[in-house]
Number of protein chains: 2
Amino acid sequence: MTTAAFRPLRAAEITAWDHEADVVVAGYGIAGVSAAIEAARAGADVLILERTGGWGGAAALSGGIVYLGGGTPLQRELGFEDTPENMKTFMLAALGPGADEAKISDYCDGSVEHYRWLTDNGVVFKSAFWGEPGWEIPGDEGLMYSGGENSAPFNEIATPAPRGHVPQMSNKRTGEQGGGYMLMKPLAEVAESLGVTPVFDIRVQRLIVDDADRVVGIAAKKFGDEVFVRARRGVVLTTGSFAYNDAMVASFAPQLIGRPAAAIEEHDGCSIRMAQALGADLAHMGATEVAFFADPQLMARGILVNGRGQRYVPEDTYPGRVGQLTLLRNDNQAYLVIDEASYEEGCATTSSTPYFRFPPKWAAETVAELESDMGLPEGTLQATVEVYNRHAAAGADPVLGKKPEWVRPIGTPVAALDLRNCTAGFTLGGLHTTVNSEVLHVSGEPIPGLYAAGRCTSGVCAGGYASGTSLGDSSFFGRRAGIAAAAN
Amino acid sequence: MTTAAFRPLRAAEITAWDHEADVVVAGYGIAGVSAAIEAARAGADVLILERTGGWGGAAALSGGIVYLGGGTPLQRELGFEDTPENMKTFMLAALGPGADEAKISDYCDGSVEHYRWLTDNGVVFKSAFWGEPGWEIPGDEGLMYSGGENSAPFNEIATPAPRGHVPQMSNKRTGEQGGGYMLMKPLAEVAESLGVTPVFDIRVQRLIVDDADRVVGIAAKKFGDEVFVRARRGVVLTTGSFAYNDAMVASFAPQLIGRPAAAIEEHDGCSIRMAQALGADLAHMGATEVAFFADPQLMARGILVNGRGQRYVPEDTYPGRVGQLTLLRNDNQAYLVIDEASYEEGCATTSSTPYFRFPPKWAAETVAELESDMGLPEGTLQATVEVYNRHAAAGADPVLGKKPEWVRPIGTPVAALDLRNCTAGFTLGGLHTTVNSEVLHVSGEPIPGLYAAGRCTSGVCAGGYASGTSLGDSSFFGRRAGIAAAAN
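Residues numbered from 1 in each chain as written. Chains lettered and ligands numbered in written order. Predicted model: local features only at pLDDT ≥ 70, side-chain atom pairs only at ≥ 80, totals over all residues. Heavy atoms only, no water.

Engineer: Hey, could you run me through the overall build of chain A in this one?
Structural biologist: Check the secondary structure of chain A and you find 15 helices and 20 strands. Against the compact-globule benchmark of 23 Å for 488 residues, chain A has a radius of gyration of 24 Å, which places it among compact chains. Along the longest, intermediate and shortest principal axes, the C-alpha atoms of chain A span 80 × 50 × 40 Å. Evaluated residue by residue, chain A yields a buried proportion of 64% over its 488 residues. Sequence separation of 24 or more characterises 74% of the internal contacts of chain A that already satisfy a separation of 6 or more. (Helix = DSSP H or I, 4+ residues; strand = E, 2+ residues; numbered from the N terminus. Rg over C-alpha atoms; globule rule 2.2 N^0.38 Å. Buried < 20%, exposed > 50% of the residue type's maximum accessible area, 1.4 Å probe, protein only. Contact = heavy atoms within 4.5 Å.)

Here's what the structure looks like:
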C-alpha cells in the first residue's frame, strides 16, 4: 500500500470516470447487499465494488445467525414471548456500557419488520427451536439462544427470549450451504434481479470529494490500474472490520493480537481509514467479540475455573460471554473441571454438538490429586469444588447463578480440560454513524455523501456481544445506508 | 461549541493574524512547558496559548510523580540498581499489550538524561527513599515505588527498582506547593526566562492549514472573539486528555462513565478532535488509569475480595493496579477483609499515609458471621480465608504472590471495608504520534507542521499504568515536540 493510501482525492483532479452510478457500495457482504437492495428499490442505480471474485464477504462463511426479536413470527410460532422493550433491556444490559442507545432502540423497534424484510427477500427460517447449550445449531432449526438471555445475570434482568434466527441450511454436516450462505444467497439474487451491478476484483482505496467536501466517488485499484468511480448520490462503505490489520489491532484492540477469527483476511480496516482521512469519528475501537473453543455441552456440565482455581462465569451461558470473560478478565486462563459421569453424558447427548470437543488433559481419583496435577496452589481448586458442591447438593449456584438444570455436585473420578488460550475473535469498533448510517465527522455533523454499515462501523455492541448482532446490525443499518444514500 | 468546531480553516481565508510565532504551543501544562523550553532553546520564538488564567494544567494539581529510571543519580544515591533494559522489561510487561515499543525504548534509554534535564531546570528531588505501601509520599522524600515493580507478578519479570521521582514539596500536609506544583514552577520560570510568551484565557478550536495541507496556525476564542495565531514552524498540541468529554468517554472508554479523576475539566479532548479533523490517527483510546480510594497501608495487611468473595490481586501492589483490576475485571466490586490487630496496626503506622482511610462497614467474631453479614454466598469467603491462612501460616501466598512481609493468617475478630465503587480515573488514549512527537495521519505519514505530546496523545501506556508515566512521557515527548517543531 502506498503512503498516499487513504488520502482523499479532489473531484477536480479526475479527468475521466471509469464507472458511474447513483449509489456506489464498497463491499458485497451482508451490509453491502442490504444497502444495494434498498437503494435500488428507492430508484437508484447501484454499483457494488467487491475486492474478491464474488459476493459473500465474512457473512457467507459465518453460521448465519441474525439477532432478531421483539416478537418475530418465528418467536411467536415457537411459543416465545418477546417485546421491543424487553429486547432493549437485554441488549443495553449485555452489550454496554456506553452502547449506542439510539441504535439499539431503532434496532429493537424495527426488528419484526426486519425479519419480514429478510423472509420477503427469500431468507428461510425453519419453524423449529434448538434449545441445547451450543455455539451453532448442528441441524437446520431456525431459532436458538445466542447471547446468554436465559442465563445469569441476564435472565434476572429481562425475560429470556431466544433471538438467534438461523437461515435454514441444506446440509450443515458436509459444510455445504451453511447458514451464512443461505442468508447471503437469496439477498444477492434479489440485488441482481433489481439490476444492481457488481464489479469484482476491485479494491477501494480513497474517497473522492468535491470542493464542498462532499463525497462524490471512490478511487480503487483493479488489476493494478487506478479506477475512478463516480457516485451521483452517495458512497456506502461496508468492507468489514479491522481484525486482519495487525497495526490497527495493536493500536486499538491489543487483546486480539495474534488471535483474529470469524473475520476474513479482507477485513483490513480500509473503510475506517478512508473515512478517518476525511475527519470521520470512531467509536468503541477496543470492543471485540471473543469466541471460546470448547464444547458448551461439556462446559454446562462442569465448572470453569481460572488460573487461580476460581470460578468466574455461569458455565451454561452463551459461549461468547465465556470467551470474553476468559480473555479480557482472566488472562486467557481457563480449565474445565468435570467428573467422569458428566463428561460421558456430555459426549453422548443425542442432539450432539460436537464442536471443539477434545479429551481431558488431566484425570484423577480426587479433586486434591487433580489440583496437584494441574499445578494449582494447594487448596484452591478443592475449596472451589467444595463450595460449589455444598450448594449443588441443594440444586443451587448462588455464586454465579448457573441454572438448576445444570447444577449437580462434582463427583469422582474427576478430570480437567486445558482451555488456556482457547480464544479468538473479531473487532467490533469502527466508524461512528447515525441511526441513518450517515458517517459522522468529529464536529458531530454527517459527512455529506458518505454512509457506512456493518463491521467497519460501531454498531449495537459497545463491549459485550451476542451472536447474530453483527449480521443483524449489518443488514439492518445496511438497509438504512442504502435508503439514505439513494434519497440524496 | 458550534458545529463548525474542529473543522480546519484554510490559511488563505485568514485576512489578519492576531499573533504570530515560530512555534505555537496549545496548553501550558507539563507537556506544553517542556515543548516551549526546548523550542526556545533551539532558537524559536514561542507562544503558549492557555485556556485558563495561568500555567499548570493537571500537572500542577497532581502529586508530581515522574516515572524515571535506568539508573538515575537519585536511584544510585539511594542504593537501587536499574538499567534502561530492566526498565523496558518492566514497562513492556506492565503497560501492554500493544504498547508502543519504540516510545518505551526511547523513553528508557533517555531517562537518565531526562532526569538531568529536569534537575538542570530547577526541579529538586530530595535524596530520600519512601518505602511504605502508598499512593503518594506524605513527606518530602524523592523516590518511591509507583507501579508495582516490587510486587507480583512484575518482581519476577524484572529486577524491582523504584522509579517514582517526586519533586520536593515545601508543605504537603497543608496542601501548599505539592509535588506537581514543584515540578511545574521551575519549568514555567525557565520558559519565561527564555522569552516564551504565554497568552492566557484563550481557547483553541481549529487548526489552520495551507494549500499543501501543512499546519500553519491555530484559531482560538478569547473572550468571545475569534483569534488567529500563525505558527511559522509548527503547532504543538498539549491540551490534555478527554476525561471530561462525556461523549468521547462513552464512545471510547465507557468504563469511566461518571468517574473521571486526576484530570481537570479543561481536559475535553479538543486537541484530539482538531487533529482528527485533519485525518490524524488515534491509538489505545480505551486505555485508562484507575485510582482506587482505599488506604494501601490497610490493603497490604488484609485480603481484597471481589463480589464472589474471591481474591484477585496481590494486596501489596501498586494501588493503581488494584484499581484497574477492580474496575475492569471485577465489576467494581471489592471488599477488604482484615482482622482487628492488622487494622489497628495499619492505622497506627508511624510513617502514616492517612489517605482514603475509613472504618469497616462490617465486623464479626468469625469469618462465617462476617460472610453472612456481607451477604456473600455461604462458604465463599470462608474458603478464601481458609486457603489464604493455610499458606500464610508458612509465610507464603502461592495464589497471588503477596510478599512474605505482608502475609500473615487472618485472625479474629475480623472486619470488612466496603470498597465497591471506589474507583475513578483518567483516559490514556489519544493521538498516534511518532517518537519525535509528530502527529501521524492515518496514511502513516506525519501531518506536516503538527506535533503533540501529553495526554492528548497515546504515550507509553497501552492499558496498564504506573504513577508518573503521564508526567514522565508528557515531559519527555513534550521536549521532543518542541525540538521537532523548532527544527522546521
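Following the structure, the description resumes.
Engineer: Is there a simple way to explain the sheet that holds strand 4 (residues 66-67) of chain A in this structure?
Structural biologist: Adjacent strands of a sheet pair through backbone hydrogen bonds, lying either parallel or antiparallel. Residue and element names in this part refer to chain A. Across the sheet, 3 strands lie side by side as 4-6-5; this open sheet has antiparallel pairing. Two strands in the sheet have a free side with no partner beyond their single neighbour: strand 4 and strand 5 (143-144). In this structure, strand 4 lies alongside strand 6 (residues 164-165), joined through 2 bridges in antiparallel fashion. Within the sheet, the bridge partner assigned to Y67 lies in strand 6 and is G164. (Pairing = 2+ DSSP bridges.)

Engineer: Whenever I open this one, the interface of chain B and chain A confuses me. Can you help?
Structural biologist: One frequent convention defines the size of an interface as the accessible area lost when the parts assemble. Listed as interface residues are 45 residues of chain B and, on the opposing side, 45 residues of chain A. The tally of links between chain B and chain A comes to 8 salt bridges. The residue R7 of chain B makes a salt bridge to E445 of chain A at a minimum N-O spacing of 2.6 Å. For the pair chain B and chain A, the number of links is 18 residue pairs in polar contact (both at pLDDT 80 or more). Every element with two or more residues in the side of chain B that touches chain A is listed here: helix 8 (246-252), helix 9 (270-276), strand 11 (282-283), helix 11 (319-329) and helix 14 (380-392) of chain B. For the side of chain B that touches chain A, the element with the highest residue contribution is helix 14 of chain B, accounting for 5 residues. In terms of residue class, the side of chain B that touches chain A is built from 21 nonpolar, 14 polar and 10 charged. (Salt bridge = Lys/Arg side-chain N within 4 Å of Asp/Glu carboxyl O. Polar contact = N/O pair within 3.5 Å; in protein donor to acceptor, adjacent residues only side chain to side chain. Nonpolar A, V, L, I, M, F, W, Y, C, P; charged D, E, K, R; others polar.)

Engineer: Just checking my understanding: could you explain a negative patch on the surface for this structure?
Structural biologist: Residues and elements named next belong to chain A. On the surface, a cluster of negative charge is made up of E340, E344, E365, E369 and D373. For the negative patch, the secondary structure elements donating two or more residues are helix 12 (340-348) and helix 13 (367-374). Residue placement: E369 occurs in helix 13. We classify E369 as partly exposed; its relative accessible area is 38%. (Patch = residues over 30% accessible without salt bridge, like charges linked within 9 Å, V, L, I, M, F, W, Y side chains within 5 Å. Areas by Shrake-Rupley, 256 points an atom, 1.4 Å probe, with all protein chains shown as cover. Lys, Arg positive; Asp, Glu negative; His and termini not counted. Charge placed at Lys NZ, Arg CZ, Asp CG, Glu CD.)

Engineer: Help me out: how do you make sense of the packing of aromatic side chains in this one?
Structural biologist: We describe a pair of aromatic rings using the distance from one ring centre to the other and the angle between the two ring planes. Under the definition given, this model contains 30 aromatic pairs over all chains. Seen from their ring centres, F129 of chain A and Y145 of chain A are 6.0 Å apart, and the 80° between their planes marks the pair as edge-to-face. Placement of F129 of chain A in the loop between helix 6 (111-120) and strand 5 and of Y145 of chain A in the loop between strand 5 and strand 6 is noted, with a sequence separation of 16 residues between them. Its relative accessible area of 31% is what places F129 of chain A among the partly exposed residues. The structure contains a cluster of three or more aromatic residues connected by ring pairs, namely Y67, F90 and F154 of chain A. Over the face of the ring belonging to F477 of chain B we find K103 of chain B, whose NZ or CZ atom lies 5.8 Å from the ring centre. (Phe/Tyr/Trp six-rings, centres within 6.5 Å; stacked < 30°, edge-to-face > 60°. Lys NZ or Arg CZ within 6 Å of the ring centre and 35° of its normal.)

Engineer: Before we go on, may I ask you to explain the packing of helix 1 (residues 30-41) of chain B against helix 15 (residues 469-486) of chain B in this structure?
Structural biologist: Each pair of packed helices can be summarised by the angle the axes make with each other and by the distance between the axes. Residue and element names in this part refer to chain B. The N-to-C vectors of helix 1 and helix 15 enclose an angle of 35°; their axes lie 7 Å apart at closest approach. Crossing geometry of helix 1 relative to helix 15 is assigned as right-handed. Across the interface between the two elements, I30, A31, S34, A35, E38 and A39 from helix 1 touch L471, S474, S475, G478, R479, G482, I483 and A486 from helix 15. Classifying every residue of the contact of helix 1 with helix 15 by side-chain character gives 7 nonpolar, 5 polar and 2 charged. (Axes fitted to C-alpha atoms, helices over the stretch in contact; angles between N-to-C directions. Left-handed = near helix turned anticlockwise from the far one by under 90°.)

Engineer: Looking at this structure, I do not really get the nonpolar core. What am I missing?
Structural biologist: Where a protein is soluble and globular, its nonpolar side chains tend to be buried together. Of all hydrophobic cores here, the largest spans 86 residues; its most connected members are I218, L237 and L450 of chain A together with I218, L237 and L450 of chain B. Those residues in contact with L450 of chain B that lie beyond four places of it in its chain are L207, V215, V235, L237, A275, L278, S437, E438 and V439 of chain B. (Core = buried A, V, L, I, M, F, W, Y, C linked by side-chain atoms within 4.5 Å.)

Engineer: Explain helix 13 of chain A to me, please; I cannot follow it from the model alone.
Structural biologist: Residues and elements named next belong to chain A. For helix 13, the full list of buried residues reads V367, L370, E371 and M374. Viewed end-on, helix 13 has its buried residues packed into an arc of 100°, placing them on one side of the element. Along its buried surface, helix 13 packs onto strand 14 (335-339), strand 15 (362-364), helix 14 (380-392) and strand 16 (414-418). Just beyond helix 13, the residue with positive phi is G375, at close to 80°. (Arc of directions from axis to C-beta.)

Engineer: Looking at this model, I keep getting lost on empty space enclosed by the protein. Mind explaining?
Structural biologist: Take a probe with the size of a water molecule and roll it over the atoms, and the empty space left behind shows itself. In this structure the tally under the stated criterion is 5 cavities of 30 Å³ or more. The space that makes up the largest cavity amounts to roughly 320 Å³. Lining the largest cavity are 20 residues, with Q310, A383 and T384 of chain A together with Q310 and T384 of chain B positioned closest to its centre. Split by residue class, the lining of the largest cavity holds 8 nonpolar, 8 polar and 4 charged. (1 Å grid on protein atoms, 1.4 Å probe; cavity = no way out; pocket = protein on both sides within 12 Å on 5 of 7 lines; lining within 4 Å. Points joined across faces, edges and corners; volume = space filled by probe spheres on them.)

Engineer: Looking at this structure, how should I read the relation of the copies chain B and chain A?
Structural biologist: Note: a rotation about an axis with an accompanying shift along it relates these two copies of the chain. Turning chain B through 180° and shifting it by 0.0 Å along the axis lays it on chain A, with an RMSD of 0.0 Å. These values place the two chain copies in the arrangement generated by a two-fold rotation axis. The fraction of interface residues of chain B whose copies in chain A are also interface residues reaches 100%, indicating that both copies meet through the same surface. (Least-squares fit on C-alpha atoms with pLDDT ≥ 70 in both.)

Engineer: Please explain the pairing of strand 8 (residues 203-209) of chain B as it appears in this structure.
Structural biologist: Consecutive side chains along a regular strand alternate between the two faces of the sheet. Residue and element names in this part refer to chain B. With respect to burial, strand 8 is a largely interior element, 6 of its 7 residues being buried. Strand direction decides the pairing type here: strand 1 (residues 9-10) and strand 8, joined by 2 bridges, are parallel. Paired with L9 across the two strands is I208, which belongs to strand 8. Across 6 bridges, the pairing between strand 8 and strand 9 (residues 215-222) is antiparallel. Note on strand 9: the bridge partner recorded for R203 is K221.

Engineer: What's the story with the domain arrangement of chain A in this structure? I'm lost.
Structural biologist: Residues and elements named next belong to chain A. Looking at chain A, the domain boundaries give domain 1 (1-292 + 425-487) and domain 2 (294-421). On a C-alpha basis, the centres of domain 1 and domain 2 stand 35 Å from each other. Together domain 1 and domain 2 conceal approximately 2300 Å² of surface at their shared face, both sides included; 60% is due to carbon and sulfur atoms. For the domain 1 face of the interface with domain 2, the top three residues by lost area are P133, W135 and F292, together amounting to 34%. Class assignment for the residues of the side of domain 1 that touches domain 2 results in 14 nonpolar, 12 polar and 6 charged. (Domains from an automatic or database assignment. Buried area = accessible area lost by both parts, 1.4 Å probe.)

Engineer: How should the side chain of H165 of chain B be read in this particular structure?
Structural biologist: Along the chain, the position of H165 of chain B falls in strand 6 (residues 164-165). Setting aside residues no more than four positions away along its own chain, H165 of chain B makes contact with G64, I65, V66, L68, T72, L74, Q75, Y115, F125, G142 and L143 of chain B.

Engineer: Help me out: how do you make sense of unusual backbone geometry in this one?
Structural biologist: Trans peptide bonds make up the majority, and among non-glycine residues the majority have a negative phi. In the segment running from T412 of chain A into P413 of chain A, the intervening peptide bond is cis, with an omega of -10°. Summarising the element assignment, P413 of chain A is placed in the loop between helix 14 and strand 16. Positioned with a positive phi, S437 of chain A is a non-glycine residue whose angle comes to about 65°. Of note in the backbone geometry, N421 of chain B takes a positive phi value of approximately 60° without being a glycine. When you line up the elements, N421 of chain B lands in the loop between strand 16 (414-418) and strand 17 (423-424).

Engineer: Mind showing me how you'd approach the environment of G375 of chain B here?
Structural biologist: Within the secondary structure layout, G375 of chain B lies in the loop between helix 13 (367-374) and helix 14. Along the backbone, G375 of chain B and D140 of chain B are 235 residues apart, and their C-alpha atoms lie at a distance of 43 Å.

Engineer: When you look at the state of the cysteines in this model, what are you seeing that I'm missing?
Structural biologist: Under the defined criterion, the tally for this structure stands at 0 disulfides over all chains. Looking at C461 of chain A, it has no disulfide partner, and the nearest cysteine sulfur is the one in C108 of chain A, 11 Å off. Overall, C461 of chain A belongs to the buried group, its relative accessible area being 4%. Unpaired in this structure, C270 of chain B has its nearest cysteine sulfur neighbour in C456 of chain B, at a distance of 8.4 Å. (Disulfide = S-S within 2.5 Å.)

Engineer: I keep staring at the environment of E192 of chain B and nothing clicks. Help me out?
Structural biologist: Assignment of secondary structure puts E192 of chain B in helix 7 (residues 179-193). For E192 of chain B and A40 of chain B, which are 152 residues apart along the polypeptide, the C-alpha to C-alpha distance reads 9.9 Å.

Engineer: Can you walk me through the packing of helix 13 of chain A against helix 14 of chain A in this structure?
Structural biologist: Residue and element names in this part refer to chain A. The N-to-C vectors of helix 13 and helix 14 enclose an angle of 140°; their axes lie 8 Å apart at closest approach. Here helix 13 lies oblique to helix 14, going by the angle between them. As helix 13 runs across helix 14, the sense of the crossing is right-handed. Two secondary-structure elements touch here, helix 13 through V367, A368, L370, E371 and M374 and helix 14 through T380, L381, Q382 and V385. Grouping the amino acids of the contact of helix 13 with helix 14 by side-chain chemistry returns 6 nonpolar, 2 polar and 1 charged. (Parallel < 35°, antiparallel > 145°, perpendicular 65-115°, else oblique.)

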